[in-house]
Amino acid sequence: MTNRTLRTQRIAKPALRLQSSDLFLTRQGTDSEDSVALMSDLTTFNGPHPRYHFHGYAGDQIVGDGKFFDRTALGNHGVRGANLSDAQMFANAGYVTTIDPAGGATDSVIRLPNLNFYHLGGEKLILFWKGKATPEGTDQAFIADGGSATYPGFRMICKSSGSLQVALYDSLGGSNFTGTTSATPFDGTLRSVGMMIDGTAKKWCAWVDGTIDAMFSGVYGNFALGGTDTRNANTVNIGQGAPASAASTNGMATQTRALHILRLSAADTMPPVATMSAIMAQLHANPSKPILGSAF
Amino acid sequence: MFEDQELNEKLSGILPVGYSQEITIEDGKIYLVDGDGEPLPPVDF
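This section reports on the structure supplied with the text.

### A short note on the overall build of chain B
1) Next: What chain B contains, in helices and strands, is one helix and three strands.
2) Next: The order of α-helices and β-strands along chain B, N terminus first, is α-β-β-β.
3) Next: With the C-alpha coordinates of chain B rotated into their principal frame, the extents come out at 30 × 25 × 15 Å.
4) Next: Every one of the 45 residues in chain B was classed for burial, and the buried ones make up 29%.
5) Next: A sequence separation of at least 24 residues applies to 13% of the contacts in chain B between residues at least 6 apart.
6) Next: Of the roughly 2900 Å² of accessible surface on chain B, a fraction of 50% belongs to carbon and sulfur atoms.

If you want it as structure tokens, here you go:
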């Protein structure tokens, strides 16, 4: 928006005309009329990034809300599993809480609408989470929409060491696992993790507490070079990998303060690492605000 | 790492102790890399 204003100021006697949501500008001494910007473009520029799938911030929520609200206009609210009460979800002020899925009560997590990230097709996934989680004795699904040939998709894994690992699964038994982060964001204290998976360039990256993890040496790392067909019709789950119908115990207790998920199309360009690092740093400091359309 | 605990046990039986690098499973084989990121010979999975 700043650039648009400066351009107007540089023209001595501009004429402005608004028609059908288009803004036109006429230069002095010319007959031509420049279309400055569609109003819809301006909205995109100043509003949440158009590739958002979900933006939740529990700091503004309270017991009785019933859902983990999506702050975008999409309405992709996170809903409670059948084994997670409203009181349990808001038991920790400032967070939405999930319970470790246990036999007989596995639907104790929060489920977001289907994302259908398509890695093999070149899509990109950007995810930022801030909250508290404590590792278990074995690796567990943390945030995911899959984790097997039956449930293809992506999975963020909380290693027993407290590190983050990301995995992609297809329906034919193929799977790809990243290396594990050097930092250990899962230690029961308030931390943040961010990750991006680029299905076009076949890269990935992870940030812990707003800083790129040391395993990357400042550049995106290779991942799943052959591509993985991660398409699915599953929910995206906080605290579990599989959908409710699977009755899986693979999952963990979580306390989420904020969650951002964006899915970029195959035609979208992945922002460079410096841009993503700046975004992750800002989200870590203020996760209640969305990434703007002007960010990249 | 998998929903299937048998697969998890199978994988843990193959991975070197302390392995923290990338893993690819494709066509019944598991592909690992060494400390420099260079691929190691595949192992039947």
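Continuing now.
### Here we look at the nonpolar core
1) Next: F142(A), M156(A) and L259(A) are the most contacted members of the largest nonpolar core, which has 53 residues in total.
2) Next: Core analysis: the next-biggest nonpolar cluster, separate from the first, contains 15 residues, F177(A), F2(B), I25(B) and L32(B) among them.

### A look at the sheet that holds strand β18 (residues 236-238) of chain A
1) Next: The strand order β5(A)-β6(A)-β8(A)-β18(A)-β10(A)-β11(A)-β12(A)-β13(A)-β1(B)-β2(B)-β3(B) describes an open sheet built from 11 strands, whose pairing is antiparallel. Only two strands of the sheet have a single partner each, and these edge strands are β5 (67-68) of chain A together with β3 (43-44) of chain B.
2) Next: Bridge count between strand β10 (residues 140-144) of chain A and strand β11 (residues 153-158) of chain A: four bridges; the pairing is antiparallel. Directly across from A141(A), in β11(A), lies its bridge partner I157(A).

The rules behind each value
- Each chain has its residues counted from 1, following the order in which its sequence is written.
- As a convention, the first chain written is A and the first ligand written is 1, with the rest following in written order.
- Owing to the predicted nature of the model, reporting of local features is limited to residues with pLDDT of at least 70; listing and counting of side-chain atom pairs is limited to 80 or more, with chain, interface and lining totals taken over all residues.
- Just so you know, side-chain values use all the structure's heavy atoms and leave hydrogens and water out.
- Each helix is a run of DSSP H or I of at least 4 residues and each strand a run of E of at least 2, with the numbering of both proceeding from the N terminus.
- Under the scheme applied here, a residue whose accessible area is under 20% of the maximum for its type counts as buried, over 50% as exposed, and between as partly exposed, the area being computed with a 1.4 Å probe on protein chains only.
- Only heavy atoms matter for contacts: two residues are in contact if any of them lie within 4.5 Å across the pair.
- Per-residue and other accessible areas were derived by the Shrake-Rupley procedure at a 1.4 Å probe size, with only the shown protein chains allowed to occlude residues.
- Residues belong to a common nonpolar core when they are buried Ala, Val, Leu, Ile, Met, Phe, Trp, Tyr or Cys residues joined through side-chain atoms within 4.5 Å.
- Criterion used throughout: strands pair if DSSP finds at least two bridges between them.

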